[in-house]
Amino acid sequence: MQFSLVIPCYNEANGLQKLVQRCAEVSYGRAGEIILVDNGSSDATSEMLPDLIANHAQIRAIRVERNLGYGHGIMAGLQAARFDLLSWTHADLQTDPEDAYKAHQVFLKAHNPIYTFVKGKRIARPMKDRVFTFGMSLMESSMFGYFLSD
């Protein structure tokens, strides 16, 4: 079972080359796709993306004309996905795209994949973001009846 990894990019021109390079490294020779969503960027992201991904068949890009938030970028990417197993992460590499491939393997080995939820861990984040994420983890844990941490 192949998967689609969605990465919303909003004004990521400064880090876009590093992101595409890392995506190309981790996806080379592997099944699936990486969708970089230009999420209404006003910097050079939309001009840079086509050239950066040109030699990487497993990476493609779509554009959202108007930024309506991170969640909207995720949803646009999920709608464009070619595969049924879906994932997403951040463009600033606070999580390594390799982690999505590791999660994919966990999913494939699960006894009952339809009831499998894999959540990553972000690193080097400001305290404000960690507090917010802890609150979200509590909400998710109550929804799923199982402790989920970031």
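Residues numbered from 1 in each chain as written. Predicted model: local features only at pLDDT ≥ 70, side-chain atom pairs only at ≥ 80, totals over all residues. Heavy atoms only, no water.

S.K.: I keep staring at helix H3 (residues 70-80) and nothing clicks. Help me out?
M.R.: Residues of H3 that are buried: Gly73, Ile74, Ala76, Gly77 and Leu78. On the buried face of H3, the contacting elements are strand S1 (3-9), strand S2 (33-39), strand S3 (59-64) and strand S4 (85-88). (Buried < 20%, exposed > 50% of the residue type's maximum accessible area, 1.4 Å probe, protein only. Helix = DSSP H or I, 4+ residues; strand = E, 2+ residues; numbered from the N terminus. Contact = heavy atoms within 4.5 Å.)

S.K.: Explanation requested: the sheet that holds S1 in the structure shown.
M.R.: Consider a sheet: its strands pair through backbone hydrogen bonds, and that pairing is either parallel or antiparallel. Overall, parallel pairing links the four strands, which are arranged S3-S2-S1-S4 in an open sheet. Strands with a single pairing partner mark the edges of an open sheet, and in this sheet they are S3 and S4. Mean inter-strand twist for the sheet, computed between neighbouring axes without regard to direction, equals 25 degrees. Inspection of the sheet shows S1 paired to S4 by four bridges, in the parallel sense. Each residue of the ladder has a partner; that of Ser4, found in S4, is Leu86. Contacting S1, S2, S3 and S4, H3 runs over the sheet at an angle of about 140 degrees to S2. (Pairing = 2+ DSSP bridges. Axes fitted to C-alpha atoms, helices over the stretch in contact; angles between N-to-C directions.)

S.K.: Can you walk me through the packing of helix H1 (residues 16-27) against helix H2 (residues 45-53) in this structure?
M.R.: The description of two helices packed together rests on the angle between their axes and the distance between the axes. H2 packs onto H1 with a crossing angle of 30 degrees between their chain directions and a minimal axis gap of 10 Å. In terms of axis orientation, H1 runs roughly parallel to H2. The handedness of the crossing between H1 and H2 comes out as right-handed. The residues of H2 that touch H1, namely those facing Leu16, Gln17 and Val20, are Thr45, Met48, Leu49, Leu52 and Ile53. Considered class by class, the residues forming the contact of H1 with H2 number six nonpolar, two polar and no charged. (Parallel < 35°, antiparallel > 145°, perpendicular 65-115°, else oblique. Left-handed = near helix turned anticlockwise from the far one by under 90°. Nonpolar A, V, L, I, M, F, W, Y, C, P; charged D, E, K, R; others polar.)

S.K.: What is the right way to look at the side chain of Arg60 in this model?
M.R.: Structurally, Arg60 is set in strand S3. Arg60 sits in the buried class, given a relative accessible area of 18%. At 2.8 Å, the side chain of Arg60 forms a polar contact with the side chain of Glu33. Not counting residues up to four positions away in its chain, the partners in contact with Arg60 are Glu33, Ile34, Ile35, Leu36, Ile53, Ala80, Ala81 and Arg82. (Polar contact = N/O pair within 3.5 Å; in protein donor to acceptor, adjacent residues only side chain to side chain.)

S.K.: What should I look at first to understand a nonpolar patch on the surface in this one?
M.R.: Together, Phe117, Met139, Met143, Phe144 and Tyr146 line one region of the surface with nonpolar side chains, adding up to about 590 Å² of accessible area. Relative to the helices and strands, Met143 is located in helix H5 (residues 127-144). Look at Met143 and you get exposed, because its relative accessible area is 58%. (Patch = residues over 30% accessible without salt bridge, like charges linked within 9 Å, V, L, I, M, F, W, Y side chains within 5 Å. Areas by Shrake-Rupley, 256 points an atom, 1.4 Å probe, with all protein chains shown as cover. Salt bridge = Lys/Arg side-chain N within 4 Å of Asp/Glu carboxyl O.)

S.K.: Would you mind going over the nonpolar core with me for this structure?
M.R.: Formed by 20 residues in total, the largest nonpolar core has its most connected members in Ile7, Cys9, Leu19, Ile34, Leu36 and Ile59. Counting only elements with at least two residues in this core, the list comes to S1, H1, S2, H2 and helix H4 (98-109). Here this core gets six residues from one element, more than from any other, and that element is H1. If we skip the residues at most four places from it in the chain, Ile59 touches Val20, Cys23, Ala24, Ser27, Ile34, Leu36 and Ile53. Within the second largest apolar cluster, eight residues are counted, among which are Val37, Val64, Leu78 and Ala81. (Core = buried A, V, L, I, M, F, W, Y, C linked by side-chain atoms within 4.5 Å.)

S.K.: Teacher, can you tell me more about the state of the cysteines here?
M.R.: Each disulfide is one covalent bond, formed between the sulfur atoms of two cysteines. A complete count under the given rule lists zero disulfides for this structure. We note that Cys9 lacks a disulfide partner, and the nearest cysteine sulfur, in Cys23, lies 8.0 Å from it. The exposure class assigned to Cys23 is buried, which follows from its relative accessible area of 0%. (Disulfide = S-S within 2.5 Å.)

Take it as geometry only, folks, not as evidence of what the structure does.
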